[in-house]
Amino acid sequence: MARAILIVLDSVGCGGAEDAHVYGDTGADTLGHIAQACFEGRGDRAGLRHGPLALPNLVRLGLAHAYEGSTGRPLAGAVKPAAPGGRAGYGVEISQGKDTPSGHWEIAGCPVPFKWGYFTALENSFPPDLVAGIIREGALPGILGNRHASGTAIIDDLAEEHIQTGKPICYTSVDSVLQIAAHEEHFGLERLYALCRKVRVLVDPLRIGRVIARPFVGSAESGYTRTGNRKDFAIPPPDETILDRLAACGRMVITVGKIGDIFAHRSTGEEIKPFGNAAMFDAALAAWERLPDGGFCFVNLVDFDTEFGHRRDVPGYAAALEAFDAMLPRLEAALRPGDLAVITADHGNDPTWPGTDHTREHVPILAFGPGIAPAQLGRRESFADIAATLGDWLGVGKVGPGKAW
């Protein structure tokens, strides 16, 4: 039987979304703006990287073709081959929203059929009855924050008061999230997780996509740092996904990164959650080596989004892309006849864009493997085309409303 690996480069959008204006994102273009900045010398950082964005392996497979198809513009600094080395195109999101569950669920064959709930007020973001419920259910002396904020910035602002009072730091963004930050030692990691589980129940009627535990460590003297123990508490997808179909068919599924959290741990098989893109890529390759025929490996590489997109760090984002590109030949070498690899993204997070939030964009789609003839995939009218293709490839039938290529 065939095998398949799907890698989501979290937030590596490729511009061009026709409905970007609905989200205030007209012109947002994560990949294109990073490439342009690097081409103009604005992506340089001493000791990290310099010069034009160098993604030779992704460009060889068709990234420049996918980008140009999405935006109508060449990818700055890239020498586009006459034809892609794999199958290359771009996906258009039909789900509402521009956050992680919307993108991943649609990729997996389950577009979001409803409107997410949001906390739109920039200050005092949470309804009073919700705040009262959080305090009651968590047996807390109160909460801090209660506003839209950058996660790193609000921790720097409120960590000392949090440690002194025992009040967790609660904040949100333009995404459908409620995030709770707390010190791993002073508040307790398991206590933070338990609080998030209770808050998950409280926000279910509000259709909030995720409650996110944001643990951190450190002191006023050393500074504060978020740890790799983040955990997302998401609502489950409302319909069948490729993961559900594979589980029902008895296939082995291995998920790497935050995939388990995104899908509420439903049909996510063996979950592996190391910290950092490099560790997650290594874990995915190790899992791939032992994946049996008919198996599926689903990977999320989150650093692009959390470490560089939200922090509006162009050089850091560019360096992360180049690091992934340099690792890619190891994956290609591990593919055997019958294997399919797909690389895509779930949304954008343009580091040149105002604010600190996700951006509504198309996503690149690259598909390759031994014996797979190169071709232009063109415009895919839903991310769900990926799940439809995987269902066909793995022999479990069509999943979701997408069209297989």
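That block above? That's the structure.
Residues numbered from 1 in each chain as written. Predicted model: local features only at pLDDT ≥ 70, side-chain atom pairs only at ≥ 80, totals over all residues. Heavy atoms only, no water.

Quick notes on the packing of helix α5 (residues 128-138) against helix α7 (residues 184-203)
Thought 1: At a minimum axis distance of 10 Å, the contact between α5 and α7 shows a crossing angle of 140°. Looking at the two axes, α5 sits oblique to α7. Crossing geometry of α5 relative to α7 is assigned as right-handed. Together, L130, G133, I134, R136, E137 and G138 of α5 and R191, L195, K198, V199, L202 and V203 of α7 make up the contact between the two elements.
Thought 2: The residue inventory of the contact of α5 with α7, partitioned by class, reads 6 nonpolar, 2 polar and 4 charged. (Axes fitted to C-alpha atoms, helices over the stretch in contact; angles between N-to-C directions. Helix = DSSP H or I, 4+ residues; strand = E, 2+ residues; numbered from the N terminus. Parallel < 35°, antiparallel > 145°, perpendicular 65-115°, else oblique. Left-handed = near helix turned anticlockwise from the far one by under 90°. Contact = heavy atoms within 4.5 Å. Nonpolar A, V, L, I, M, F, W, Y, C, P; charged D, E, K, R; others polar.)

Quick notes on the state of the cysteines
Thought 1: A full pass over the atoms with the stated rule returns 0 disulfides.
Thought 2: No disulfide involves C38; its sulfur sits 17 Å from the nearest other cysteine sulfur, which is in C14.
Thought 3: Using a relative accessible area of 1% as the deciding quantity, one classes C38 as buried. (Disulfide = S-S within 2.5 Å. Buried < 20%, exposed > 50% of the residue type's maximum accessible area, 1.4 Å probe, protein only.)

Quick look at the side chain of T255
Thought 1: Along the chain, the position of T255 falls in strand β9 (residues 253-256).
Thought 2: Here the side chain of T255 touches T268 through a polar contact of 2.8 Å, landing on its backbone oxygen.
Thought 3: Beyond its immediate stretch of four places on either side in the chain, T255 contacts L243, G260, T268, E270, E271, I272 and F298. (Polar contact = N/O pair within 3.5 Å; in protein donor to acceptor, adjacent residues only side chain to side chain.)

Things to note about the nonpolar core
Thought 1: F296, F324 and L331 are the most contacted members of the largest nonpolar core, which has 87 residues in total.
Thought 2: No other element matches the 9 residues that helix α12 (residues 314-334) contributes to this core.
Thought 3: Contacts of F296, omitting those with residues within four sequence positions, involve A4, L6, I242, L243, L246, M252, V253, I254, L291, L390 and L394.
Thought 4: Among the nonpolar cores identified, the runner-up in size contains 23 residues, and L130, I143, I180 and A213 belong to it. (Core = buried A, V, L, I, M, F, W, Y, C linked by side-chain atoms within 4.5 Å.)

Some points on the pairing of strand β7 (residues 223-226)
Thought 1: Where burial is concerned, the two faces of β7 differ: the one with Y224 and R226 is buried and the one with G223 and T225 is not.
Thought 2: As defined by bridge partners, strand β6 (residues 210-219) adjoins β7 across 4 bridges and the pair is classed as antiparallel. When the sheet's bridge partners are listed, S219 is paired in β7 with G223.
Thought 3: Between the antiparallel neighbours β6 and β7 lie 3 residues. (Pairing = 2+ DSSP bridges.)

Notes on the environment of T120
Thought 1: Looking at the secondary structure, you find T120 in the loop between α4 (100-107) and α5.
Thought 2: Residues T120 and G391, 271 residues apart in the sequence, show an inter-C-alpha distance of 38 Å.

Thoughts on the pattern of salt bridges
Thought 1: Overall, the coordinates contain 27 salt bridges when judged by the stated rule.
Thought 2: For K258, the salt bridge is made with D10, and the minimal N-O distance between the two is 3.5 Å. You can see K258 sitting in the loop between β9 and α9 (259-262) and its partner D10 sitting in the loop between β1 (3-9) and α1 (30-39), a full 248 residues away along the chain. D10 shares its class with K258; the two are buried.
Thought 3: Measuring nitrogen to oxygen at the nearest pair gives 3.2 Å for the salt bridge that ties E68 to K80. In this pair, E68 sits in helix α3 (residues 63-71) while K80 sits in the loop between α3 and β2 (87-91), placing the two residues 12 residues apart along the sequence.
Thought 4: For E68, a relative accessible area of 28% translates into the label partly exposed.
Thought 5: Residues participating in the shared-partner salt-bridge network are E18, R379 and E381. (Salt bridge = Lys/Arg side-chain N within 4 Å of Asp/Glu carboxyl O.)

A word on the packing of aromatic side chains
Thought 1: Using the criterion set out here, one finds 9 aromatic pairs in the structure.
Thought 2: Cation over ring: R191 sits above F187, and NZ or CZ is 4.0 Å from the ring centre.
Thought 3: The lysine or arginine in question, K231, covers the ring of Y193, its NZ or CZ lying 4.3 Å from the ring centre. (Phe/Tyr/Trp six-rings, centres within 6.5 Å; stacked < 30°, edge-to-face > 60°. Lys NZ or Arg CZ within 6 Å of the ring centre and 35° of its normal.)

Points about the packing of α1 against α12
Packed helices, taken two at a time, are described by the angle between their axes plus the distance between the axes.
Thought 1: Contact pair α1 / α12: the axes reach a minimum separation of 10 Å and the direction vectors enclose 105°. Between α1 and α12, the interaxial angle falls into the category roughly perpendicular. Where α1 abuts α12, its residues T30, L31, I34, A37 and C38 lie against V314, Y317, A318 and L321.
Thought 2: Of the residues contributing to the contact of α1 with α12, the split by class is 8 nonpolar, 1 polar and no charged.

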